[in-house]
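Coordinates in review
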Number of protein chains: 2
Amino acid sequence: MQTFDVYILGCGSATPTVRHLQTSQVVSFCGQLYMVDCGENAQLQFTKARLRPGRLEHIFISHLHGDHCLGLPGLVSTCTLLGRTTDLHVHGPVGLAQLFKPFIDAFSPPDMSFKVVYHEFNTDRPQCIYEDQALKVHTIPLTHRVPCCGFLFAEKEGVAHMRPEMMERYKIPYDKVNDIRMGGDYVTPGGEVVPHRLLTTEAEPARSYAYCSDTCYNPSIVPQIQGVNLLYHEATYSVAQQEAAERHFHSTTADAARIAEAAHVGQLVIGHFSARYLDDTLLLREAQAIFPNTVLACEGLKISVA
Amino acid sequence: MQTFDVYILGCGSATPTVRHLQTSQVVSFCGQLYMVDCGENAQLQFTKARLRPGRLEHIFISHLHGDHCLGLPGLVSTCTLLGRTTDLHVHGPVGLAQLFKPFIDAFSPPDMSFKVVYHEFNTDRPQCIYEDQALKVHTIPLTHRVPCCGFLFAEKEGVAHMRPEMMERYKIPYDKVNDIRMGGDYVTPGGEVVPHRLLTTEAEPARSYAYCSDTCYNPSIVPQIQGVNLLYHEATYSVAQQEAAERHFHSTTADAARIAEAAHVGQLVIGHFSARYLDDTLLLREAQAIFPNTVLACEGLKISVA
C-alpha cells in the first residue's frame, strides 16, 4: 500500500511558545509531499523531519492569518538557495497572490531557477483544487474571522490486484492485465470466460484525511468529511473557554470531538492549542470523553492515514 | 555598572539548519533591548531567551536579504496579539518601508494598538541613527551584494561618581551634585574651593559593541571600530573557501580575525556560519590562530560587553 502519512510541523495557535510552533503540516502521499499551511518555522521543521524539498510541489494555505502563512517567503528563499528547478504551486484564498507575490519577488533573484505559481480559490463552497492519478484535494468551507477553508485529501478508488496464481494458471498475457484490473473478464484462446472476480483481489479501500483549521464549531462540514480515516480539527480552547472560542471563531476540544463523532471518522487529532495551556493532556481528556480515539498533535508527530 | 550584553538568537547563514538559525541578536543595554537583524525565528528565540517584548522598542536591519529580516512580519503580528501599546521603531536601509509596510499592514488589525515606525538610512557612510542619554548607535558601511551596514553600539562617556565620604565631610547639598559630577569644583559657604578630583571617582570607561554582518573583507571599517570591547564579525567560510567568500561578498574566519586584530578589539565573536560546516570548531581554530580571544557564536549565547 502506498504511503499516506501526516507530519505535524507546528500545532500551536497564533502566539508561538516554546512548546508549540505555528501551524504547518505535510501530507506525504505516494512519494509526493503536500504542505498544509506554512507558519513561521515551517521550513526548519520540514528539515528536522528529514523531508525532501524536491518532493514538495504544492502548498495549500487555509487562510491569510500570519500564523498560517508567514513561513512562505522564507521557504521560497531557501528553495532558491538550494537550486530548486521545479515550480512551486501555492494554493490559497483569493488575495493570496496580491499579498505574497510582490513580497516574495523582492527577495528572489531576477534569474530565479523556478517559478512560484499562485492558485486562488473562493472559500465559500467545496471545490476540487488539485487532482492527479491517485489523489484529489477538495476545499472544506470553514467559519472563521476571515475567508478560510480546510482541505480534504482523498485517495482515489484503487483498482483490483491480479492474483499471480491465476495469471499463471490461464497464462494471461500482460497486455490484458489492465483491462482485467479495471473490471474486465478474461476470455481464453479456447473461448472460456474467466470472470474478473476469480482473477483478482479487491483494491484496498480508498483512504482520506481532512484538515480543519481554523474554524468555530461548524457541523455543516460533517457530510463532506463523513468517514474519513483521519481528521485534524482545531481545538484552540478547553471547554472552560467556550465563550472565548465563540468570540474568536475558534473551537473547543468538545467542538472538535463532536464533529469527529458526527462524521464517524476513524481517528481525531486535535491541535492549534492556545498558548495559555501549559499541559495539553487536559485538552486530550476533554476530547476523549466525547470521541475516545483522539490523539494530541505535537511537533514532530507522524500519523498514518489508515 | 549598567548591563551591556549581547544575546545571539541566530548565527547561521542564509540556509537554516538544525544547528544554526538565521541571523538575529539582541543588545541589552541599561534595561532596554535593541534587536539587530530579525531572521525567521527571531521572535521564538527572543521568547526562549526570556527577554521581555515590552523592553524592545528599536530593531536595526543591516540589509534586505531574507535571512536578516523575514522574521519581522511575524514578530510584529505577535506584538499585536500580546496587546503591545508602545510604538516599534524599525531602522533599515532605504527600501525597507516600501517592502515591509504593505506586507506588515496586511496582517495587522485596523485598530492596531501600536504603530510600526520605519526609519531608513543610506549605507554608504557612517551616521548616527539612534541616540539617547546613555547610548549612540552608528551605522558601519559594509561591502555586500546589496546595500548593507553594520552597527556600532557605543555607550556615552559616563560622568564621575561622588565620593560619599566627601559629601559627608563638606556637607555638600544635593543640588550641587550634578555640577560637581560633570566636572565642577565645590565652594564651601566659608569660601574654600574643593577641587572636583578630590570629591569624585572617575567614571567607568565607556563600552562599545560592533556588529559587522554581512560583508566581504573590508579593512576600511577598522578605524570606526577601533578598540571596541566586543566585535561580532561574520565568518561565513573557512579559509579553504576563500574563493567562495569573495564571490559571495562574505568573509572567511581569517578575514574576521584580521579585522579584529587590526582594530585591537577586546574580543571577537564569529558567526553567520555556512550550512556546510558540521563542526564549527574548525572555524574557531582558524580565527584563534590570528586573533586568540575569539569565541564562536551559538544560539542562546549571552556575551557581556566588558
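Higher on the page you've got the structure.
In what follows, the accompanying structure is described. (Residues numbered from 1 in each chain as written. Chains lettered and ligands numbered in written order. Predicted model: local features only at pLDDT ≥ 70, side-chain atom pairs only at ≥ 80, totals over all residues. Heavy atoms only, no water.)

With that out of the way, let us pick up the interface of chain B and chain A. Counting residues at the interface gives 31 residues for chain B and 31 residues for chain A. For the pair chain B and chain A, the summed buried area comes to about 2,300 Å², and 74% of that belongs to carbon and sulfur atoms. Of all residues in chain B, Glu40, Phe103 and Phe107 of chain B give up the largest surface area on contact with chain A, accounting jointly for 27% of the area buried on that side. Our count for the chain B to chain A interface comes out at 0 salt bridges. If you look at where chain B meets chain A, you find 5 residue pairs in polar contact (both at pLDDT 80 or more). Its residues assigned to classes, the side of chain B that touches chain A shows 17 nonpolar, 12 polar and 2 charged. (Contact = heavy atoms within 4.5 Å. Buried area = accessible area lost by both parts, 1.4 Å probe. Salt bridge = Lys/Arg side-chain N within 4 Å of Asp/Glu carboxyl O. Polar contact = N/O pair within 3.5 Å; in protein donor to acceptor, adjacent residues only side chain to side chain. Nonpolar A, V, L, I, M, F, W, Y, C, P; charged D, E, K, R; others polar.)

A word on the side chain of His65 of chain B. For His65 of chain B, the location among the structural elements is in the loop between strand 4 (56–60) and helix 2 (66–69). With residues near it in sequence (within four places) discarded, His65 of chain B still touches Phe107 of chain A together with His144, Arg145 and Val146 of chain B. (Helix = DSSP H or I, 4+ residues; strand = E, 2+ residues; numbered from the N terminus.)

Once that is clear, we can look at the environment of Met167 of chain B. All names here are of chain B. Among the secondary structure elements, Met167 is positioned in helix 5 (residues 164–169). C-alpha of Met167 to C-alpha of Leu199: the two residues are 32 residues apart in sequence and 7.5 Å apart in space. Those residues in contact with Met167 that lie beyond four places of it in its chain are Met162, Ile172, Tyr174 and Val177.

Now for the sheet that holds strand 8 (residues 135–141) of chain B. Residues and elements named next belong to chain B. The strand order across the open sheet formed by 7 strands is 7-8-9-14-15-16-17, and the pairing between neighbours is mixed. In this open sheet, the two edge strands, each paired with only one partner strand, are strand 7 (128–131) and strand 17 (294–296). With strand direction ignored, the average angle separating the axes of adjacent strands in the sheet is 20°. Direction of pairing for strand 9 (residues 149–155) relative to strand 14 (residues 208–212): antiparallel, over a ladder of 4 bridges. Paired with Ala154 across the strands is Ser208, a residue of strand 14. Relative to strand 17, helix 11 (residues 281–290) is tilted by about 170°, and along the sheet it contacts strand 16 (267–271) and strand 17. (Pairing = 2+ DSSP bridges. Axes fitted to C-alpha atoms, helices over the stretch in contact; angles between N-to-C directions.)

All names here are of chain A. Taken as a whole and judged by the stated rule, the model has 18 salt bridges over all chains. Its salt-bridge partner being Arg125, residue Asp124 comes within 3.1 Å of it at the nearest N-O pair. For Asp124, a relative accessible area of 56% gives the class exposed. The partly exposed category is assigned to Arg125, whose relative accessible area is 41%. (Buried < 20%, exposed > 50% of the residue type's maximum accessible area, 1.4 Å probe, protein only.)

Let us look at the relation of the copies chain B and chain A. Between chain B and chain A, the superposition needs a rotation of 180° and an axial shift of 0.1 Å, giving an RMSD of 0.1 Å. Given the turn and translation reported, the copies of this chain are related as if by a two-fold rotation axis. When the interface residues of chain B are mapped onto chain A, 100% of them again lie at the interface, so the same face is used by both copies. (Least-squares fit on C-alpha atoms with pLDDT ≥ 70 in both.)

Now for helix 3 (residues 72–81) of chain A. Residues and elements named next belong to chain A. Among the 10 residues of helix 3, 9 are classified as buried, and the element is accordingly described as predominantly covered. Burial in helix 3 covers these residues: Leu72, Pro73, Gly74, Leu75, Val76, Ser77, Thr78, Cys79 and Thr80. Phi turns positive one or two residues past the end of helix 3, at Gly83, with a value near 75°.

A separate point is the packing of helix 3 of chain A against helix 4 (residues 96–106) of chain A. Residues and elements named next belong to chain A. Contact geometry for helix 3 and helix 4: axes closest at 10 Å, N-to-C directions at 40°. Classed by the angle they form, the pair helix 3 and helix 4 counts as oblique. Handedness of the helix 3/helix 4 crossing: right-handed. On helix 4, the residues that touch Leu72, Pro73 and Val76 of helix 3 are Phe100, Phe103 and Ile104. Across the contact of helix 3 with helix 4, the residue classes break down as 6 nonpolar, no polar and no charged. (Parallel < 35°, antiparallel > 145°, perpendicular 65-115°, else oblique. Left-handed = near helix turned anticlockwise from the far one by under 90°.)

Further remarks concern the packing of aromatic side chains. Scanning the entire structure with this criterion turns up 27 aromatic pairs over all chains. Note on Tyr211 of chain B and Tyr232 of chain B: the rings are 5.3 Å apart at their centroids and 10° apart in plane angle, and the pair reads as stacked. With Tyr211 of chain B in strand 14 and Tyr232 of chain B in strand 15 (residues 230–234), the pair connects residues that are 21 residues apart, well separated along the chain. On the basis of relative accessible area, Tyr211 of chain B is assigned to the buried category, the value being 0%. When its relative accessible area of 0% is taken as the criterion, Tyr232 of chain B is described as buried. An aromatic cluster is built from Tyr34, Phe60, Phe121, Tyr130, Phe151, Phe153, Tyr209, Tyr211 and Tyr232 of chain A, whose rings are joined through pairwise contacts. Note that Arg258 of chain A overlies the ring of Tyr217 of chain A, its terminal NZ or CZ placed 5.8 Å from the centroid. (Phe/Tyr/Trp six-rings, centres within 6.5 Å; stacked < 30°, edge-to-face > 60°. Lys NZ or Arg CZ within 6 Å of the ring centre and 35° of its normal.)

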